[in-house]
Amino acid sequence: MPLKIGSGYLSRHITVDCLIFSRRLITTTRNRILTQMHPLRMTAGQSLSGASEDKEMRHTVSHRNTTPSQAPSQSKKPINLLRGWPAASLLPAESLRIASQTALSDPAIWSPGLEYGPDPGYQPLREALARWLGRFYRDVIPAPAGSGTSDESPQPRAATGGKEEDEANRITITGGASQSLACLLQSFTDPARTLAVWLVAPCYFLACPIFADAGFAGRMRAVPEDDEGVDVTVLEREMCALEKEMQDKADRGESGLGLGSGYKEAGPHRKIYRHVVYCVPSFSNPSGCTMTLARRWALVDLARRHDALVVCDDVYDMLQWRVQVPATTTTSTPSSTLSSSQPSPSPQNLDFHKAILPRVVDLDLAAARSPHDPAGKHFGHVVSNGSFSKLVGPGVRTGWTYSTADFAFGTSQTGSTRSGGAASQLAATIVCQLLPPPPPQSSSQPGSGSTSRDEVVQEATRGKGVERKNGKDGEEQVEEKEERECLLDIHIRHTLLPSYSRRHATLLRAARATLVPLGVRVHEASLRGRDDVFGGYFLWMTLPASSDALGSKDDSNISNNNSSSSGSGDSGSGSGSGSGNGSGGSGDNGGGKPWPTAQAIAERCRADEALMIGNGELFAVHGDEAAARFERGMRLCFAWEDEADLVDGVERLGRVIRAMLEEGPKGWAARRGDGDGDGDVGAAK
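Small disclaimer: the values here were computed from a predicted structure and weren't measured.

Conventions used here
- Residues numbered from 1 in each chain as written.
- Predicted model: local features only at pLDDT ≥ 70, side-chain atom pairs only at ≥ 80, totals over all residues.
- Heavy atoms only, no water.
- Helix = DSSP H or I, 4+ residues; strand = E, 2+ residues; numbered from the N terminus.
- Buried < 20%, exposed > 50% of the residue type's maximum accessible area, 1.4 Å probe, protein only.
- Contact = heavy atoms within 4.5 Å.
- Areas by Shrake-Rupley, 256 points an atom, 1.4 Å probe, with all protein chains shown as cover.
- Pairing = 2+ DSSP bridges.
- Axes fitted to C-alpha atoms, helices over the stretch in contact; angles between N-to-C directions.
- Salt bridge = Lys/Arg side-chain N within 4 Å of Asp/Glu carboxyl O.
- Core = buried A, V, L, I, M, F, W, Y, C linked by side-chain atoms within 4.5 Å.
- Arc of directions from axis to C-beta.

Engineer: Would you mind showing me how to read the overall build of the protein here?
Structural biologist: Scanning the protein from N- to C-terminus turns up 18 helices and 19 strands. By the burial criterion, 55% of the 685 residues in the protein qualify as buried. A fraction of 81% describes how many contacts in the protein between residues 6 or more apart in sequence connect residues 24 or more apart. With an accessible surface of roughly 27700 Å², the protein has 52% of that area assigned to carbon and sulfur atoms.

Pasting the structure below:
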């Protein structure tokens, strides 16, 4: 009997075989593509970001009113110097794959990882963070009060000042810095009793909606920064004025802000602070400025006297490097500006894998309890808000807070946390595999087996100059001198820092070559007195002053602590933000022509050059824009785009500026609105 292909037993088997073959073919093809595109097999600095970037820019271009002069921009490759994201090529996908495999293969890890987490967070991650943060900060943490060392003369100590379990009790696991900020406001502020939120300006403006959601819309106050960081003198003056205003109302028997019982009951585990101060002390977004040690001490002292909670976004601390491009000018700033008593380390001895300065929270912890702490409690006045977003990837949505133990426990008692458990519980179990395991003599935490870790170490350090040696049984191990590098250390030291250092140098050279001759001032240094130090994601620039600028407003209310035409920091950007050392300001200034605002330039860049930049007005404090204007400031990010596109982007920006200087104010007015407003401000994260 002849076989019929279209039916019966053989037909079914042929169909199944065809399906299996097709699936294998698809899988093989997909794996080949992934192998070619794998981040660990790409040169650090290359980007896989083109698709999402093109989608964003096509959306921006297609939704504006086009004119014939704008048409060329639609054929140009979009370049986004606004977006504050890490390039896709810098994300540790392979390390996370192995870490995920480890976490999801061990029931002792995945079982708690898939359940509701404990309120303070995944305990192995809290302990691992205590070890990791201790390694990074321990050489700069000051001695505590009562140890025979005064606050004015801090001395480094060799450890974090407590047992590992004590340090872990100071840490809570969060869903990232933004989610953490919202929870902190829920637990430690009351719109009826907390007088104001003070933001160092220019500020990370996407924090403003978080404060508004917490009831502080219209009560955010801008505080200027100079080349040492937040201007504490201005901050205290304004705090005192507000407190006096409220006290005068109380003396007159009036009701109002800060005079009633409030909306919230703090209970025994939390307290309501009278003020909130928000800042990014190291390599600030957007200015790149780092607060000096003397200014950090002054901020702690002010917070303790005025019952303020200082929320520090310490998200860029580990992203620091030696500047590759020598400064064009040198200010005669003594090293004593770093601290009133402690000299800075020499450039030759500076270890960029260790903290240069203590966190603000470390200084507050060293000062012990304040008069504003309730009896039997030590809440303190500073909390460090950390995140893995800039170190691992924004999508892991995992971070931490570091504070006093009482404050940490109070944070864990936030209602949403009590209900759902600590945020990012599963992600926490995965990220934990990237951090230092417990010492061999202690009981090993689940999932810290060496096989998976060593596999990632070998892959992550391949071709990156990491010393190796033969261990037991001839297996290969990373050379360990003082301490074993964890996977996150390897990623930061051998992928992130080399790439960001090159990208920063590339952007700085391009800005010097193209923008400085036009009169643009580039803020080159992060830390006053240390021209060799830079970090973070951003380069801040200032346009020349122009009373005829489109949409220009009076800048007379802006502090001018550091302005000169020879590169000593320009406060016309709002407050002397950025560095005490910069290039520019002595160029042709557009031949004496009036200058457009940064916002007008940004709109033209989008319309004519398919280029997105951060104009200074984005970084004003919401509701207090008049106190500190930044219409002449620009922020360029070097973390997202490839090095070649960084150069191309600066050249496009230069073309736009030259064209607008030639057009003059009438030409700007004719083209106003071409760039469709601020575009995708979410790209400024």
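Engineer: Just checking my understanding: could you explain the sheet that holds strand S10 (residues 399-402) for this structure?
Structural biologist: Note: strands within a sheet are paired through backbone hydrogen bonds, in either parallel or antiparallel orientation. Strand order in this open sheet of eight strands is S2-S10-S9-S7-S6-S3-S4-S5, and the pairing throughout is mixed. Of all strands in the sheet, those with a lone pairing partner are strand S2 (171-174) and strand S5 (229-230), marking the two edges. Relative to strand S7 (residues 308-313), strand S6 (residues 275-279) runs parallel, the two sharing five bridges. Along S7, the bridge assignment pairs Val 276 with Leu 309. The sheet contacts of helix H5 (residues 123-137) involve S2 and S10, and relative to S2 the element is tilted by about 115°.

Engineer: It is not clear to me how the pairing of S2 should be interpreted in this structure. Could you clarify?
Structural biologist: The two faces of a sheet get side chains in turn, since along a regular strand they alternate between them. Of the two faces of S2, the one carrying Ile 171 and Ile 173 and the one carrying Thr 172 and Thr 174 are both buried. Both S2 and S10 contribute to a ladder of four bridges, which runs antiparallel. Paired with Thr 172 across the strands is Thr 401, a residue of S10.

Engineer: Is there a simple way to explain the pattern of salt bridges in this structure?
Structural biologist: Close approach of charged atoms allows side chains with opposite charge to pair. Throughout the structure, instances matching the rule amount to 25 salt bridges. A salt bridge links Lys 77 to Asp 645, with the nearest nitrogen and oxygen atoms 2.6 Å apart. Placement of the pair is Lys 77 in the loop between helix H2 (50-62) and strand S1 (79-80) and Asp 645 in helix H18 (residues 643-671), with a sequence separation of 568 residues. On the basis of relative accessibility, which here comes to 43%, the residue Lys 77 falls in the partly exposed class. Among the ionic pairs, Arg 359 bridges to Asp 362, the shortest N-O distance being 3.0 Å. The two residues Arg 359 and Asp 362 agree in class, both being buried. Residues participating in the shared-partner salt-bridge network are Asp 226, Asp 227, Glu 228, Arg 295 and Arg 528.

Engineer: Whenever I open this one, the nonpolar core confuses me. Can you help?
Structural biologist: When a protein is soluble and globular, its nonpolar side chains tend to lie buried together. With 155 residues, the main nonpolar core has Leu 129, Trp 132, Phe 211, Leu 488, Ile 613 and Leu 653 as its most contacted residues. Per element, the largest residue contribution to this core is eleven residues, and it comes from helix H16 (residues 487-514). Apart from the residues lying within four places of it in its own chain, the contact partners of Leu 129 are Gly 134, Ile 171, Ile 173, Phe 388, Trp 400 and Leu 435.

Engineer: Mind showing me how you'd approach the pairing of strand S3 (residues 196-201) here?
Structural biologist: Of all six residues in S3, six are buried, a share of seventy percent or more. Judged by which residues are buried, S3 turns out to be covered on both faces: Ala 196, Trp 198 and Val 200 on one side and Val 197, Leu 199 and Ala 201 on the other are all buried. For S3 and strand S4 (residues 220-226), the ladder comprises five bridges, and the chain directions are parallel. In the sheet register, Ala 201 faces S4, and the bridge partner there is Pro 224.

Engineer: Would you take a moment to explain unusual backbone geometry for this structure?
Structural biologist: Leaving glycine out, the prevailing phi sign among residues is negative, and the prevailing peptide bond configuration is trans. That bond from Ala 201 to Pro 202 is cis: its omega, 5°, falls within 30 degrees of zero. Mapped onto the fold, Pro 202 is located in the loop between S3 and helix H8 (208-216). Looking along the chain, the bond that leaves Asn 285 and enters Pro 286 is cis, with omega of 20°. Of note, Pro 286 is situated in the loop between S6 and helix H10 (293-306). Positive phi, normally seen in glycine, also occurs at Phe 283, with a value near 55°. Although it is not a glycine, Asp 307 sits at a positive phi angle of roughly 55°.

Engineer: Honestly, H8 in this entry has me stumped. Any pointers?
Structural biologist: Note that an α-helix has 3.6 residues per turn; residues three or four places apart therefore point the same way. Within H8 the residues assigned to the buried category are Cys 208, Ile 210, Phe 211 and Phe 216. Viewed along the axis of H8, the buried residues span an arc of 155°, placing them on a single side of the element. Buried-residue contacts for H8 involve helix H7 (177-188), S3, S4 and S6. Note on H8: the residue one or two positions beyond its end, Gly 218, has a positive phi of about 80°.

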